[in-house]
Amino acid sequence: MTTLPIEEAAALRAKILAWAEAYFERDAPVVPDADYDQAMKQLEALEREFPDLVTPDSPTQRVGAAPLSEFESVEHRLPMLSLDNAFSTDDMDDFHRRVTERLGDGDVSYCCEPKLDGVAVSVVYEHGALVLAATRGDGTCGENITANVRTISNVPLMLSGGGVPPYLEVRGEVVIPRDAFERMNAQARAANEKVFVNPRNAAAGSLRQLDSRITARRPLAFTAYSIGAVEGDLPAAHDAILQRLSEWGLPISEYMQTVSGIVACDDYYEALAGQRDTLPFDIDGIVFKVNGMAEQERLGCVSRAPRWAIARKFPAQEVSTQLLGVDFQVGRTGAITPVARLQPVFVGGVTVSNATLHNADEIERLGVQVGDTVVVRRAGDVIPQIVSVVEDNTSGSSPERAPIVFPGQCPDCGSYVAREEGEAVIRCVGGMACGAQLKAVVRHFASRKAMDIEGLGDKLIDQLVDDGLVRSVADVFRLSQAQLAALERMGDKSSENLLASIQLSRSTTLPKFIYALGIREVGEATARALANYFLEMDALLAASTDLLEGVDDVGPIVARHIRGFASDERNQHVIADLLALGVNWPPVAVDSGEGPLAGATWVVTGKLESMSRGDAEQRLRALGAKTASSVSAKTSTVLAGPGAGSKRKKAEELGISIVDETEWLAMLEEME
Ligand code: 9MJ
């Protein structure tokens, strides 16, 4: 049977859209780029031959057009306004007073939205089809970036559903989510390419490409937050309008909330400020908008800013300070990391006096020297970084300017340092003979997600290694109370407590044990996958790289690291020692789909008091449940600790049952 061109085009389109979704939305490509390109070429050829087959939402309509020589200028039908800023509750009170005085009514409903730190964009739809996209520019005229915006995977090319106005201008922000940004920069760094200073610059740079094929490769995401010129009917409130946009397929913020009065606005601000570091994207404040459109109309604008909205700004995430010096730290794997010592500054809500400089290439790329004024960025839970050198200081005029020289020997043990081919990182070759590496290994081994030895902190580890009491992680289980009590700042009581927690940690789980070994690139998730696959430590140690690559999460590089670790006799000794010293774990529960929770899918979110999220997930799986990281219609139950944010909200919206930690512990008691 032959396939009709229309069927072939539909099948190609569906395949490409699914791949594109995996690539752009989930950052988890399911096929190599070449396969994607090949399918795209086929579809393009088919559409060239049969132009009638082109649909407005065909993926071929998203990829870049030929490069432009410059952007055309576009006049906005209605000016794109900027927002007045507030920095305190007093400023918010003043804003509320101005609003209520003008409206003559004290009861004001406000829509609260995170203020996304990206690029403002206007997108025009005519009869549901995307016809124009423009930057804000000076508010009156912007640049025509239609070809670029068409490549953004969550911007609909065609609106769906009924009642779409014949002319609809949607305004919103284009951002790059944090995790995608980190990945993008890590790749660029590894390839010795230009890295971006922050997600906002990366988003702006991506939208400013004259060649939209470049934009198409950037992980941009759009969020609609208001409308511009409209011909046709829309609801009478801002929140209802956004809801309508969402029904037509436009992405809106899941954090948007409408509240009554200014005190509730302050509460919203505090709540979101608390979540700022863990949000998936950068925000620089909260926007509060009078919700009623008639009220917005009555309030009008002053110069370029509406009277009906205000942006309450957060403390800055980027500030400048002076680079006082550079220390070189030796990590668990011997990697030598340059760490900047800074004149302490308040950034992203904390005082920062150190920042990473990553590696020698990064120092060269930044052109940074000691004495320079640098921009420090601290956003999310990412460690503070130096992102640029303040222009004025790079002239060499600063008298204290001194180049940063990478050490030729390990700063801790004096061993040689080596740079592996294709790697940016320089490593000390000293292994466990290097005190700094040994300390880092023991710190990792004792950490909460590993052997979880409470009370074995950094200072103590330093002493134990410096005094020669700990020469391998196994020595931790050989420590006596007399040895511990003789250490500085250790009384009888604290040494007894430490010994008790060391004893307690002997009973662990196989995933934790594997993770604790500190094999390069083997994080918690990989350790869990390895434990579930091999079930026994011996089977893991004996596995070939081929077999290892069969495990979820494990690619050729990780397999090589595991193999390298397992074939090193010193590591085999340490593992044998640990087992002989009583480290033990229960058999790994095979994921048989049996147990009291078989068939259920759980999501664990927020912070739990009694155990880590990872442990809770492990217990759930042992009871037969599946665990997932995001809430969907397939989720049966959400276990939510304090601080659970968007996942809890989503579960509420979907009517999924939510249990707190106390309820969950009671359930465990019954089931286990
Ligand atoms: C941002 N940046 O997230 C507005 N914005 O509304 C939100 N910006 C805005 N609203 C009117 N959420 C002008 C700007």
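As shown above, the structure is provided for reference.
Residues numbered from 1 in each chain as written. Predicted model: local features only at pLDDT ≥ 70, side-chain atom pairs only at ≥ 80, totals over all residues. Heavy atoms only, no water.

### Looking at the packing of helix α20 (residues 556-567) against helix α21 (residues 569-580)
Note the cut-off: Axis definition: a line fitted to C-alpha atoms, limited for helices to the stretch in contact. Angles are taken between N-to-C directions and run from 0 to 180 degrees. A run of H or I in DSSP counts as a helix once it spans at least four residues, and a run of E counts as a strand once it spans at least two, with each numbered from the N terminus. Any angle from 65 to 115 degrees is called roughly perpendicular, while one under 35 is roughly parallel, one over 145 is roughly antiparallel, and all others are oblique. Any two residues whose heavy atoms approach within 4.5 Å are treated as being in contact. Charged means Asp, Glu, Lys or Arg here, nonpolar means Ala, Val, Leu, Ile, Met, Phe, Trp, Tyr, Cys or Pro, and polar covers whatever is left, Gly included.
Relative to each other, α20 and α21 sit at 75°, their axes nearing to 5 Å. By the criterion of interaxial angle, the relationship of α20 to α21 is roughly perpendicular. In this structure, α20 contributes Phe 565, Ala 566 and Ser 567 to the contact, and α21 contributes Glu 569, Asn 571, Gln 572 and Ile 575. Of the residues that constitute the contact of α20 with α21, the class distribution is three nonpolar, three polar and one charged.

### Let's talk about empty space enclosed by the protein
Note the threshold: Lining residues are those with an atom within 4 Å of a point, where the points come from a 1 Å grid over the protein atoms alone and group into cavities, where a 1.4 Å probe fits but cannot get out, or pockets, open sets with protein on both sides within 12 Å along at least five of seven lines. Grid points are joined across faces, edges and corners, and a volume is the space filled by probe spheres set on the points. Domain segmentation is taken from an automatic or database assignment of domains.
Scanning the entire structure with this criterion turns up three cavities of 30 Å³ or more. If you add up the space inside the largest cavity, you get close to 130 Å³. Elements supplying a minimum of two residues to the lining of the largest cavity: α16 (510-516), α17 (524-534) and α22 (613-622). Looking at the lining of the largest cavity residue by residue, the classes come out as three nonpolar, four polar and five charged. There are two domains that each give the lining of the largest cavity at least three residues, and those are domain 4 (510-580) and domain 5 (601-671).

### Some points on the pairing of strand β5 (residues 129-135)
The two faces of the sheet receive side chains in turn, since in a regular strand these alternate between them. Our working rule: By the convention used here, strands pair only if DSSP detects at least 2 bridges between them.
Note that strand β4 (residues 119-126) and β5 share six bridges and pair antiparallel. Bridge pairing in β5 links Val 123 to Ala 133. Between β4 and β5, which pair antiparallel and follow one another directly, the connecting turn spans two residues, one of which, His 127, has a positive phi of 50°.

### What about helix α13 (residues 458-466)?
Which entries qualify depends on this criterion: Burial classes: relative accessible area under 20% of the type maximum marks a residue as buried, over 50% as exposed, and values in between as partly exposed (1.4 Å probe, protein chains only).
Leu 460, Ile 461, Gln 463, Leu 464 and Val 465 are the residues of α13 that are buried. Looking at the buried residues of α13, the elements they touch are α12 (435-446), α14 (481-485) and α15 (492-505). The positive-phi residue at the C-terminal boundary of α13 is Gly 468, with phi of around 80°.

### Points about the packing of aromatic side chains
Spelled out, the test is: Stacked, tilted and edge-to-face pairs are distinguished by plane angle, under 30 degrees for stacked and over 60 for edge-to-face with tilted covering the rest, among Phe, Tyr and Trp rings (Trp via its six-membered ring) whose centres lie within 6.5 Å. As a reminder, the over-ring test applies to NZ of lysine and CZ of arginine, requiring each to be within 6 Å of the ring centre and within 35 degrees of the ring normal.
One pass over the structure, following the stated rule, counts nine aromatic pairs. Measuring from ring centre to ring centre gives 5.9 Å for Phe 95 and Tyr 110, while their planes differ by 40°; the resulting arrangement is tilted. Of this pair, Phe 95 sits in helix α3 (residues 89-103) while Tyr 110 sits in strand β3 (residues 109-116); the two residues are 15 residues apart in sequence, bridging distant segments of the chain. Residue class for Tyr 110 comes out buried when judged on its relative accessible area of 0%. Judged by centre distance (5.9 Å) and plane angle (80°), the ring pair of Tyr 255 and Phe 281 falls under edge-to-face. Here Phe 281 lies in the loop between α9 (262-275) and β10 (283-290) and Tyr 255 lies in the loop between α8 (238-247) and β9 (257-260), a separation of 26 residues in the sequence. In this arrangement the basic side chain of Arg 77 is found over the ring face of Tyr 167, its NZ or CZ atom lying 3.7 Å from the centre. A cation over a ring is seen here: Arg 312 above Tyr 269, with NZ or CZ 3.6 Å from the ring centre.

### As for the nonpolar core
Where we set the bar: Residue types Ala, Val, Leu, Ile, Met, Phe, Trp, Tyr and Cys, when buried and joined through side-chain atoms within 4.5 Å, form a set referred to as a nonpolar core.
Core analysis: the biggest nonpolar cluster contains 55 residues, and Leu 530, Met 537 and Leu 578 have the highest contact counts within it. If you list the elements that add at least two residues to this core, you get α12, α13, α15, α16, α17, α18 (537-542), α20 and α21. There are two domains that each give this core at least three residues, and those are domain 3 (431-505) and domain 4 (510-580). Beyond its immediate stretch of four places on either side in the chain, Leu 578 contacts Phe 445, Val 473, Ala 474, Phe 477, Phe 513, Leu 517 and Val 583. Within the second largest apolar cluster, 35 residues are counted, among which are Leu 157, Ala 204, Leu 242 and Met 256.

### Focus: the sheet that holds strand β8 (residues 221-231)
Ordered by their spatial adjacency, four strands build an open sheet running β5-β4-β7-β8, and the pairing between neighbours is antiparallel. Only two strands of the sheet have a single partner each, and these edge strands are β5 and β8. Going across the sheet, the axis of each strand differs from the next one's by a mean of 25°, ignoring polarity. Here β4 pairs with strand β7 (residues 167-175) via eight bridges, running antiparallel. Across the sheet, residue Val 119 finds its bridge partner in β7, namely Val 174.

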